[in-house]
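# Descriptive structure summary
Chain by chain, the residues run as shown.
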Amino acid sequence: MLLREFIRFNVIFLSLINEVRVRKVLILGGDGFCGWPTSLHLSDAGYEVIIVDDFSRRKTDVELEVESLTPIRPLGERLRVWRDVSGRNIRHVAITIGKEYRELLELLVSEKPYAIVHFAEQRSAPYSMKSSSHRRLTVNNNLSATNDVLAAIVESKLDIHLVHLGTMGVYGYGTTGMKIPEGYLKVQVEEDGEIRGREILYPSNPGSIYHMTKAQDQLLFAFYNKNDGLRITDLHQGIVWGTQTSQTRRDKYLINRFDYDGDYGTVLNRFLMQAAINYPLTVHGTGGQKRAFIHIQDTCRSIQLAIEHPPEKTDRVKILNQMTEIHRVRDLAKLISDKTGVGIAYVDNPRKESAENDLLAVNDQLLEMGLRPITLNEELLNEVEQVAKKYSSRCDQNKIPCLSRW
Ligand SMILES: NC(=O)c1ccc[n+]([C@@H]2O[C@H](COP(=O)([O-])OP(=O)(O)OC[C@H]3O[C@@H](n4cnc5c(N)ncnc54)[C@H](O)[C@@H]3O)[C@@H](O)[C@H]2O)c1
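Computed from a prediction, not measured in an experiment: that's the story for all the values here.

## Notes on the overall build of the protein
Scanning the protein from terminus to terminus reveals 13 helices and 14 strands. Taking 22 Å as the expected radius of gyration for a compact globule of 406 residues, we find that the protein reaches 22 Å, a close match to that expectation. By principal-axis analysis of the C-alpha atoms, the protein measures approximately 80 × 70 × 40 Å. For the protein, the residues scored as buried account for 44% of the 406 residues in total. Considering only residue pairs separated by 6 or more positions, the protein has 83% of its internal contacts joining residues 24 or more positions apart.

Listed below in structure tokens is the structure:
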């Protein structure tokens with residue numbers, strides 16, 4: 001009797017230790033620009049990682065006739081090389097989230113992940129505004145994907161923490177005259193001579209169909225949190241810059257993607273690549289737009305911090321502003337121009353947006369959790385030298401201008 005009790009205690013103890021030590025995480029969109037380095041970062045940190053990705057991003061490259069500036073390898077090869085250099089195994093499952101619901105549900109039930117990181121959305125604003133079919137594709141893909149993930153967590157009856165990548169763009173890029181808080185706004189309403197206070201979701205003001213899907217995602221999260229008690233963290237991420245992380249640097253076959261084209265290239269990485277080939281930096285309009293930024297390595301660290309600081313079951317959706325610096329676009333262009341000697345070309349702004357805006361935002365929560373940001377000044381030139389210049393012969397200059405207009 002005593003021996004049986006002893007064995008039972010040991011089995012429970014060992015399984016608890018195992019659960020704490022090897023936590024399983026699904027990375028939806030783990031073959032993409034943010035998802036790939038995050039998968040390696042979490043795998044390196046001891047998590048068991050499963051990537052779910054349908055390669056739709058690689059198919060879009062074929063549609064747009066453009067390739068990542070860096071020569072990215074097929075996912076199977078990336079995973080084999082990661083196993084060789086790290087001794088760690090990452091699995092891949094090809095599911096189109098938002099279409100293959102049963103497969104997604106079965107995956108949750110069989111793998112019982114501790115957390116899900118959701119990157120699997122069409123993420124380019126210009127792409128989402130190219131035509132009505134691109135608008136429809138973006139809405140159908142993004143909203144169905146997010147709703148299916150939430151519905152599958154509920155149906156699985158598992159207590160899975162969902163960490164979603166949203167965008168600072170949901171707040172809009174007007175001038176508010178105040179610091180944008182982390183997701184919720186304190187308001188006061190006067191009623192019958194009495195002032196009542198409450199906190200509401202910060203009013204969204206999307207500037208493209210893509211941003212609109214991220215604003216809608218927020219409502220889905222609020223509903224599933226209230227109705228089904230799901231634990232959700234929504235990361236309102238700034239524009240990601242940089243390419244490599246300490247894990248992707250470990251072998252040339254692990255290199256991350258680098259988009260420079262007019263649809264998927266984000267402003268700072270485009271400037272870095274343009275500086276590398278001495279192509280005048282394409283500033284849209286007056287360059288008076290202020291935007292929030294974060295380095296790709298800090299994206300990975302922030303996601304680990306978010307996983308390790310989950311909300312309680314009774315908490316509302318936890319919203320963090322995942323950004324580390326704010327800059328005006330023309331100041332960035334000048335900084336890079338001064339450092340590299342390349343000129344600046346002011347071109348018509350293809351977007352419907354304020355020519356000049358001010359942006360102030362709070363990012364206290366991630367800093368309190370321990371994020372120590374990489375700053376622009378530290379890494380900028382390394383990026384030009386070690387990535388953009390190295391692969392500059394792969395650049396198709398016809399793909400640099402932003403042709404999508406709205
Ligand atoms: N890159 C940035 O600067 C930035 C900034 C703010 C927020 N974000 C957010 O972070 C997330 C990831 O961005 P990214 O730059 O890595 O994008 P990405 O396009 O490089 O990666 C997205 C990945 O998801 C996959 N995917 C898309 N829809 C899918 C579906 N329905 N089923 C399965 N797989 C699917 C794609 O194949 C791709 O590999 C996006 O949701 C984006 O909105 C990115």
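What follows picks up the thread again.
## Looking at helix α13 (residues 376-389)
Its maximal kink placed at Glu383, α13 deviates by approximately 35°. Burial in α13 covers these residues: Leu380, Glu383, Val384, Val387 and Ala388. Next to the buried residues of α13 lie α9 (267-276) and α11 (329-340).

## Regarding the pairing of strand β6 (residues 184-191)
With zero of eight residues buried, β6 lies mostly on the surface of the structure. Two elements, β6 and strand β7 (residues 194-201), share eight bridges in a ladder whose sense is antiparallel. What sits directly across from Glu191, in β7, is Glu194. Between β6 and β7, which pair antiparallel one after the other, the connecting turn spans two residues, and Asp192 there sits at a positive phi close to 50°.

## A short note on the site of the ligand
Contacts to the ligand come from 26 residues, most closely from Gly29, Gly32, Cys34, Arg57 and Leu165. Breaking the shell around the ligand down by element, the ones donating at least two residues are α3 (56-64), α7 (132-156), β5 (161-167) and β9 (239-241).

## Let's talk about the nonpolar core
One recurring pattern in soluble globular proteins: nonpolar side chains tend to sit buried together. If you look at the biggest cluster of nonpolar residues, it comprises 85 residues, and the most contacted ones within it are Val25, Leu28, Val117, Val149, Phe271, Leu272 and Ala275. It is α9 that contributes the most residues to this core, seven residues altogether. In this view, Ala275 contacts Leu281, Ile336, Thr340, Val342, Val384 and Ala388; residues no more than four positions away in its chain are not counted. Ala125, Met129, Tyr210 and Met212 belong to the second-largest nonpolar core, a separate cluster that totals five residues.

Scoring rules and cut-offs
Residues numbered from 1 in each chain as written. Predicted model: local features only at pLDDT ≥ 70, side-chain atom pairs only at ≥ 80, totals over all residues. Helix = DSSP H or I, 4+ residues; strand = E, 2+ residues; numbered from the N terminus. Rg over C-alpha atoms; globule rule 2.2 N^0.38 Å. Buried ≥ 20, exposed ≤ 12 C-beta atoms within 10 Å, placed from the backbone. Contact = placed C-beta atoms within 7 Å. Bend = angle between axes of the 7 residues up to and from the residue. Pairing = 2+ DSSP bridges. Near = placed C-beta within 6 Å. Core = buried A, V, L, I, M, F, W, Y, C linked by C-beta atoms within 7 Å.

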